[in-house]
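# Topology and contacts: notes
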Amino acid sequence: MLRILNIYWVFTLGYYCLGKIKWSIPSYFILVAYALLCYVCVNIGYYSVKAKNRNIDQDDKEYLKIDLFPQYRRIFRISCIMLIFFQISWVIVLMGRFNIFNIIQNLGSNYFDRLSVEIEGSNYIMQIRTLLWIFTYYVYPIGFSFFKEMGRFDKSLFSFSLLVDVFATLNLGISKNIGDIIIIFIAVMMLNTHSEIKSKQEKQKDRKKIIKIIISVLILFIVFSVIQDKRFEAVGKTQVAIKCDSKFGSVRENSIIDILCLGSPYLVYLVHSLCNYFSSAYTALALSFTLPFKTTYGLGFSRALMEYVNQYLHISVMNNTYCQQLEDVYGWLNGVSWPTAFVWIANAVSLIGVPFVMIVLGRIWCKAEVAWKSERRLIGLIVYCQLVIAFIFLPCNAQIVQSRSAFIATTVMFLLFAFRKWKVKIGSLIIQSRSYNDLLEKSN
């Protein structure tokens, strides 16, 4: 998976430098060097743990011989039911109803209608959804890992959960949920792919996995293209045009993308829309190098956390963030235009501290892989998949900690992972206590 991420990260930088937009930034060299440093630090963190756990693939193969799904069946079913309830409730609160017909036709208008709706803080269903969103993180990692081992009921429940999630996404005119599903699907497949010498049968399975990954990416591209097209129609635009604010850059008349797309304006627009989605935020990172670091007391990495602190402690640090400074100085809109995850992390630890955070995240990611492959700890699988999502969005935004539901779920997830061995320790203490009590009874 890390190899795929490395290729993807380099691609986003390459497109940013050579794509349809010629960005007006202080230094391309500093931007590329800094971004590459951060990506290398993820590798350093990962391989520093991997070097001490060279046999995790072999451990994983041993576990594959055992039917482990019965251990996770209860949490899986609970998570599926909660995902179904939360997503249907979410759509009904925002849109008034959960529609399963004419969704494609209303994609664009639904997206803009959703933006105009504010969820009241007194909405108890949304508050419960925010607090318990962590349970939905279990559905896809377990479902994709053990689908073949499931019975009919669990396969049906998983399929229904997936359909509800997709329909909820389409009802709101967004693509991220579908993107997350595809990312987790790819992450789980790659997690079960081993790097040692393989037989012909295993190599054939790996080829099938590659085909599935390619199909998944194509599905994501098609969904994204359709949603973009419908949004285009919703605002009454009939001509495909690539635009850029003159403050930040200009459109190249003839770029590499034009050549690869054979000069088709529509295809160029769709390819640019997708690639720009994952690369344009580098502009904010490049501009951040010219801004001073102002302390946020470690809170600035998450908008949700800053909102909570402001709500309950009446302490506001948003004006100190790079995100707000970017808007004040350059007009890069805070909360509208993405600044990359590096900028969000820098809000808390400064740009100098970001590479060290990347090392820590790389280490946690590999430890999660070890926890799953060597010990089959479910929380390891969850952390692994969520960090893959976070790494995919590194060039864009700090997705897994921005909304309140995502922030609380991510915080709980990391706490569960940090204390994952407590259950074993507590269990052994209980056994020791019972043994001691049995000895006392016998002596009496």
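Our subject in this report is the structure included herewith. Everything numeric in this text was worked out from a predicted model, so none of it was measured. (Residues numbered from 1 in each chain as written. Predicted model: local features only at pLDDT ≥ 70, side-chain atom pairs only at ≥ 80, totals over all residues. Heavy atoms only, no water.)

### Details of unusual backbone geometry
Even without being glycine, H314 reaches a positive phi, approximately 60°. Mapped onto the fold, H314 is located in the loop between α14 (303-313) and α15 (322-330). With phi around 80°, S350 is a residue other than glycine that occupies positive phi space. By the element assignment, S350 lies in helix α16 (residues 341-375). (Helix = DSSP H or I, 4+ residues; strand = E, 2+ residues; numbered from the N terminus.)

### What about helix α18 (residues 404-418)?
In this model, α18 (15 residues) spans 21 Å end to end at C-alpha, consistent with the 21 Å of a helix rising 1.5 Å per residue. Restricting attention to buried positions, one finds in α18 the residues S405, A406, F407, I408, A409, T410, M413 and F417. (Expected span 1.5 Å × (residues − 1). Buried < 20%, exposed > 50% of the residue type's maximum accessible area, 1.4 Å probe, protein only.)

### Observations concerning the environment of F185
Relative to the helices and strands, F185 resides in helix α9 (residues 176-191). By relative accessible area, F185 is classed as partly exposed at 24%. With residues up to four places along the chain from it excluded, the contact list for F185 reads F144, K212 and S216. (Contact = heavy atoms within 4.5 Å.)

### As for α15
Within the sequence span of α15, burial applies to Y322, C323, Q324, Q325 and L326. Residues of α15 that are buried sit in contact with α13 (282-288) and α16.

### Digging into the packing of α9 against helix α17 (residues 378-392)
Between α9 and α17, whose axes approach to 9 Å, the crossing angle comes to 120°. By the criterion of interaxial angle, the relationship of α9 to α17 is oblique. Seen from above, α9 lies across α17 with right-handed handedness. Residues D180, I183, I184, A187, V188 and L191 of α9 touch α17, and the partners they reach there are L381, Y384, C385, Q386, V388, I389 and I392. Within the contact of α9 with α17, the residues separate by chemical class into eleven nonpolar, one polar and one charged. (Axes fitted to C-alpha atoms, helices over the stretch in contact; angles between N-to-C directions. Parallel < 35°, antiparallel > 145°, perpendicular 65-115°, else oblique. Left-handed = near helix turned anticlockwise from the far one by under 90°. Nonpolar A, V, L, I, M, F, W, Y, C, P; charged D, E, K, R; others polar.)

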